Amino acid sequence: QVQLVESGGGLVQAGGSLRLSCAASGRTFSSYTMGWFRQAPGKEREFVALINWRRTYYADSARGRFTISRDNAKNTVYLQMNSLNAEDTAVYYCAASTNYESGLTVGQSYGYWGQGTQVTVSS
């Protein structure tokens, strides 16, 4: 049983920054691939970033602006978002996967999901 709880969303102005957090339960947090996804109104849920013991990886829309990190001692994963724009407006979800193989940019690869936190960027 893994439970994920996102926080840190809110309203920010274009060009601003926001730091999302995802608190995770479980004794084996460090062994999971952790991902961030987002879903805007009328759109499918899309990959944003992931982190595991091998690497970090970002969607093209996030690369260079967003940074994913984790604090294993706190069982928490973060998404630092800079240079936000209106297209970043979405509900952001953290997710956990027991896999390290390919396909980790696809939501189907993740078995555990948080409830989401709203990020709204005003222009």
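Values in this document were obtained by computation on a predicted structure and should not be read as measured data.

Basis of the calculations
- Residues numbered from 1 in each chain as written.
- Predicted model: local features only at pLDDT ≥ 70, side-chain atom pairs only at ≥ 80, totals over all residues.
- Heavy atoms only, no water.
- Pairing = 2+ DSSP bridges.
- Helix = DSSP H or I, 4+ residues; strand = E, 2+ residues; numbered from the N terminus.
- Axes fitted to C-alpha atoms, helices over the stretch in contact; angles between N-to-C directions.
- Buried < 20%, exposed > 50% of the residue type's maximum accessible area, 1.4 Å probe, protein only.
- Contact = heavy atoms within 4.5 Å.
- Disulfide = S-S within 2.5 Å.

Across a sheet, strands are paired by hydrogen bonds formed along the backbone, either parallel or antiparallel in direction. Read from one edge to the other, the open sheet built from 4 strands follows the order β1-β3-β8-β7, with strand pairing classed as antiparallel. Both edges of this open sheet fall to β1 (4–7) and β7 (66–71), since each of them pairs with a single strand only. Taking the axes of each pair of neighbouring strands and ignoring which way they run, one obtains an average angle of 15° across the sheet.

Let us look at the environment of Q115. Note on placement: Q115 falls in the loop between β10 (112–113) and β11 (117–122). For Q115, a relative accessible area of 47% translates into the label partly exposed. For the pair formed by Q115 and L4, sequence separation is 111 residues and the distance between their alpha carbons is 7.6 Å. Excluding anything up to four places from it in sequence, Q115 contacts L4, V5, E6 and Y93.

Attention shifts here to the state of the cysteines. For the structure on display, the rule yields 1 disulfide. With its sulfur 1.9 Å from that of its partner, C22 forms a disulfide with C94. Of note, the bridge from C22 to C94 carries an S-S torsion of about 55° and is right-handed in sense. Of the two residues, C22 is situated in strand β3 (residues 18–24) and C94 in strand β9 (residues 90–97); the sequence distance between them amounts to 72 residues. Residue C22 is classed as buried on the basis of its relative accessible area of 0%.

Function-wise, these values are silent; they only describe arrangement.
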